[in-house]
Amino acid sequence: MSVAPLQFLLLVFAGWVNRRQVDILEYLQEENRVLREQLGDRHLRFSDAQRRRLAAKGRAIGRRALEQLAGLVTPDTILRWYRELIAKKYDGTAQREGYRPGMERKVETVDDDRGRLYNHILPALGDVVLAELRPRQIRDFVKALAGKRKLGNRRKDGTRVATEELIAPRTVRHVYATLRAMLNDALADELITTNPCVLKDELPAKVDKDRSWRRTAVFTRDEVQAIISAPADAIPEDRLMLYALEFLGAMRFGEAAALTWRDYDPASSPLGKLVIERSYSSKARRVKETKTDNPREMPVHATLARILAAWKLGGFERVTGCAPRPEDLIVPSRRGRPRNANHALRRFHEDLDRIGLRARRQHDARRTFISIARADGARPDILRWATHGPTGDITDQYTTLPWSALCDEVAKLRIEQLEGQLVRMPLAAAGGGGSGGLGADVVQPRKEAISGENLAERTGLEDAGNAAPRRSTRRISGLAAGIGGDDRIRAQWIAG
């Protein structure tokens with residue numbers, strides 16, 4: 001029998017099998033699309049076992065194939081689950097010398113590690129032979145770093161302004177974490193036999209350089225009510241919506257900037273629900289996991305619910321020119337993108353000055369929510385489940401608090417939107433505690449939104465004047481120590 005007919009039959013059979021697999025794949029894609037349409041705005045909740053199963057299969061086919069599928073979750077989520085639930089289990093982190101829970105590093109951009117490497121690590125240890133690096137030298141390096149002066153601002157001629165200010169304790173810890181990660185990579189590559197990053201008590205505690213500033217980094221109840229009740233000619237309604245999310249939802253700025261209408265469930269009882277599982281990084285210019293990578297559900301305070309309703313029914317369309325859709329950001333920038341933190345901070349200070357309040361950080365809104373809620377009788381052990389989510393404690397992993405219990409604690413917060421008139425607040429002294437007493441100047445009540453033209457002139461909805469976001473074309477795969485021509489410590493940068 002000739003071989004040619006047999007080869008032809010094999011090719012026909014292989015083509016049929018391939019066509020059959022394509023048909024099956026297309027059916028599964030369409031089935032997923034139908035399922036997503038049926039789910040609508042509802043969020044799916046997966047157990048860790050289900051996440052592991054999806055992560056293992058998704059990692060095997062890769063990001064490009066995942067992007068072509070109409071999956072229930074995004075490729076980024078699948079790959080993050082793989083890192084957290086599968087790969088991390090076998091990376092040996094917990095067994096490394098000197099490891100303590102919470103020492104894992106999160107690098108926002110390549111520039112973070114590059115600055116620590118070239119400004120601090122290489123000048124001190126760059127000439128040390130890798131095999132001869134000892135724990136004593138690492139401890140001396142950390143001690144010297146704690147007493148090192150901060151690099152001053154750079155002049156136009158390239159020189160730096162001299163300063164007597166010391167490096168912050170957090171900076172010392174970040175530099176040490178970078179060095180330790182670099183040497184961990186060297187250990188994994190068998191370039192060294194042990195990691196010399198073994199400390200006693202040289203690492204400084206996480207404390208503020210100015211111990212007194214925190215007591216002034218809070219708003220009073222009257223100040224919060226003045227902000228969320230400000231008229232449109234003082235605070236545009238889109239920014240007022242943002243401030244309401246921060247003050248009444250205890251959100252970090254990035255969390256509020258990444259919220260979409262799909263994350264809001266007004267039908268939840270006894271209070272509406274905001275699902276907080278993403279955050280926008282202005283530095284990396286992307287939406288990522290939250291700061292603690294710990295999704296949580298936040299009850300919507302009655303005052304916040306009224307502001308959200310007014311914004312959704314009319315304010316959103318007045319500012320953006322279109323009705324809100326589930327995938328739209330709740331408070332987008334003028335270009336429809338997440339807001340820039342630095343630009344928003346400048347506008348926040350301008351708004352505070354306009355209504356007679358001293359400048360503070362936007363993050364102080366979160367601190368204010370917790371402080372006032374506790375003063376109003378909220379239980380801190382339950383409130384933290386709404387503001388921070390469960391901790392890594394094993395007991396928390398086996399605990400699911402009733403939704404009504406979280407709602408009861410958030411509802412204790414006594415913050416109302418002022419009706420009829422707004423009393424201008426006196427400007428508190430910069431070093432004072434912000435008494436928040438009511439003054440006598442009356443501002444007209446909010447009646448209508450300002451026009452789009454005026455808004456474009458002064459609200460800062462644009463993306464801080466930036467063009468399309470620039471993505472770094474390089475990524476740091478790890479500050480891996482390697483053997484150079486002279487057996488020195490070096491940084492290895494891999495093209496992304």
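This structure is a prediction, so every number in the text was calculated from the model and none was measured.

**Focus on the overall build of the protein chain**
Consideration 1: In terms of helices and strands, the protein chain carries 16 helices and nine strands.
Consideration 2: Counting over 496 residues, the protein chain shows a buried share of 40%.
Consideration 3: Contacts in the protein chain between residues far apart in sequence, at least 24 positions, make up 69% of those at least 6 positions apart.
Consideration 4: Total accessible area on the protein chain is roughly 28,000 Å²; 51% of this is exposed by carbon and sulfur atoms.

**A look at helix H2 (residues 48-68)**
Consideration 1: Along its 21 residues, H2 runs just 24 Å from first to last C-alpha, ending more than 12% under the 30 Å computed at 1.5 Å per residue.
Consideration 2: Along H2, the sharpest change in direction is near 110° and occurs at Gly 62.
Consideration 3: Burial in H2 covers these residues: Ala 55, Gly 58, Gly 62 and Leu 66.
Consideration 4: On its buried side, H2 packs onto helix H3 (75-85).

**A few points about unusual backbone geometry**
Consideration 1: Looking along the chain, the bond that leaves Ser 269 and enters Pro 270 is cis, with omega of 10°.
Consideration 2: Within the secondary structure, Pro 270 is located in the loop between strand S1 (264-265) and strand S2 (272-276).
Consideration 3: Despite not being glycine, Ala 250 has its phi angle at roughly 50°, a positive value.
Consideration 4: The buried category is assigned to Ala 250, whose relative accessible area is 0%.

**Describing the packing of helix H12 (residues 364-375) against helix H13 (residues 380-387)**
Consideration 1: Two elements in contact, H12 and H13, have axes separated by 11 Å at closest approach and are oriented at 155°. The orientation of H12 with respect to H13, classified from their angle, is roughly antiparallel. Helix-helix and strand crossings are classified by hand; for H12 and H13 the assignment is right-handed. Each of Arg 366, Phe 369, Ile 370, Ala 373 and Arg 374 in H12 lies in contact with H13, whose residues at this interface are Pro 380, Leu 383 and Thr 387.
Consideration 2: Each residue belonging to the contact of H12 with H13 can be placed in one class, and the counts come to five nonpolar, one polar and two charged.

**Digging into the packing of aromatic side chains**
Two aromatic rings, taken as a pair, are described by how far apart their centres are and by the angle between their planes.
Consideration 1: Overall, the coordinates contain five aromatic pairs when judged by the stated rule.
Consideration 2: An angle of 75° between the planes, with centres 5.8 Å apart, marks the rings of Trp 311 and Phe 316 as edge-to-face. Phe 316 matches Trp 311 in its accessibility class, with the two residues each being buried.
Consideration 3: Ring pairing ties together the aromatic residues Phe 219, Tyr 243, Phe 247 and Phe 348, which thus form one cluster.
Consideration 4: Here the basic side chain of Lys 273 rests over the ring of Trp 403, its NZ or CZ set 4.8 Å away from the ring centre.
Consideration 5: When the ring centre of Phe 219 is taken as origin, the NZ or CZ atom of Arg 360, which lies over that ring, is 4.0 Å away.

**A word on the environment of Ser 229**
Consideration 1: With respect to the helices and strands, Ser 229 occurs in the loop between helix H7 (221-228) and helix H8 (237-249).
Consideration 2: With a relative accessible area of 8%, Ser 229 lands in the buried category.
Consideration 3: Sequence separation between Ser 229 and Glu 416 is 187 residues; the distance between their C-alpha atoms is 8.6 Å.
Consideration 4: Here the side chain of Ser 229 touches Gln 225 through a polar contact of 2.7 Å, landing on its backbone oxygen.

**Comments concerning the side chain of Asn 195**
Consideration 1: Of note, Asn 195 is situated in the loop between helix H6 (169-188) and H7.
Consideration 2: One polar contact links Asn 195 to Asn 184, side chain to side chain, over a distance of 2.7 Å.
Consideration 3: Only 2.9 Å separates the side chain of Asn 195 from the backbone nitrogen of Cys 197, close enough to count as a polar contact.

**Some details on the pattern of salt bridges**
Consideration 1: Counted under the stated rule, the structure contains 20 salt bridges.
Consideration 2: Note that Arg 325 is salt-bridged to Glu 327, the shortest N-O span being 3.8 Å.
Consideration 3: Overall, Arg 325 belongs to the partly exposed group, its relative accessible area being 45%.
Consideration 4: With relative accessibility at 43%, the residue Glu 327 sits in the partly exposed group.

**Considerations on the sheet that holds strand S5 (residues 296-300)**
Consideration 1: With respect to topology, three strands assemble into an open sheet ordered S1-S2-S5, the strand pairing being antiparallel. Each having just a single partner strand, S1 and S5 make up the two edges of the open sheet.
Consideration 2: Pairing of S1 with S2 involves two bridges; the strand directions are antiparallel. Bridge pairing in S2 places Tyr 264 opposite Leu 274.

**Concerning the environment of Asp 265**
Consideration 1: Relative to the elements of secondary structure, Asp 265 occurs in strand S1.
Consideration 2: Distance from Asp 265 to Pro 299, taken between C-alpha atoms, is 9.7 Å for residues 34 residues apart in sequence.
Consideration 3: If we skip the residues at most four places from it in the chain, Asp 265 touches Gly 272 and Lys 273.
Consideration 4: Among the polar contacts listed, one links the side chain of Asp 265 to the backbone nitrogen of Ala 267, at a separation of 3.1 Å.

**Observations regarding the packing of H8 against H12**
Consideration 1: Contact geometry of H8 with H12 gives a least axis separation of 7 Å together with a crossing angle of 40°. Comparing the axis directions of H8 and H12 gives the class oblique. Of the residues in H12, those in contact with Glu 246, Phe 247 and Leu 248 of H8 are Ala 365, Arg 366, Thr 368 and Phe 369.
Consideration 2: By residue class, the composition of the contact of H8 with H12 is four nonpolar, one polar and two charged.

**Examining the confidence of the model for the protein chain**
Consideration 1: For the protein chain, the average pLDDT comes to 76, and 74% of its residues sit at 70 or higher.
Consideration 2: Low pLDDT, under 50, characterises residues 90-105; the predicted model gives this stretch 24 contacts beyond four residues in sequence or across chains.
Consideration 3: Every residue in residues 421-496 is under pLDDT 50, and counting partners more than four places away or in other chains gives 183 contacts.

**A closer look at the nonpolar core**
Consideration 1: The biggest cluster of nonpolar side chains holds 52 residues, and the ones touching the most others in it are Ile 227, Met 241, Leu 245, Leu 274, Leu 304, Leu 308 and Ile 330.
Consideration 2: Residue contributions to this core peak at eight residues, all from H8.
Consideration 3: With residues near it in sequence (within four places) discarded, Ile 330 still touches Met 241, Leu 245, Leu 259, Thr 260, Trp 261, Leu 274, Leu 308, Trp 311 and Phe 316.
Consideration 4: Within the second largest apolar cluster, 21 residues are counted, among which are Leu 125, Leu 133, Ile 138 and Ile 192.

Rules of the game
Residues numbered from 1 in each chain as written. Predicted model: local features only at pLDDT ≥ 70, side-chain atom pairs only at ≥ 80, totals over all residues. Heavy atoms only, no water. Helix = DSSP H or I, 4+ residues; strand = E, 2+ residues; numbered from the N terminus. Buried < 20%, exposed > 50% of the residue type's maximum accessible area, 1.4 Å probe, protein only. Contact = heavy atoms within 4.5 Å. Areas by Shrake-Rupley, 256 points an atom, 1.4 Å probe, with all protein chains shown as cover. Expected span 1.5 Å × (residues − 1). Bend = angle between axes of the 7 residues up to and from the residue. Axes fitted to C-alpha atoms, helices over the stretch in contact; angles between N-to-C directions. Parallel < 35°, antiparallel > 145°, perpendicular 65-115°, else oblique. Left-handed = near helix turned anticlockwise from the far one by under 90°. Nonpolar A, V, L, I, M, F, W, Y, C, P; charged D, E, K, R; others polar. Phe/Tyr/Trp six-rings, centres within 6.5 Å; stacked < 30°, edge-to-face > 60°. Lys NZ or Arg CZ within 6 Å of the ring centre and 35° of its normal. Polar contact = N/O pair within 3.5 Å; in protein donor to acceptor, adjacent residues only side chain to side chain. Salt bridge = Lys/Arg side-chain N within 4 Å of Asp/Glu carboxyl O. Pairing = 2+ DSSP bridges. pLDDT = per-residue confidence, 0-100. Core = buried A, V, L, I, M, F, W, Y, C linked by side-chain atoms within 4.5 Å.

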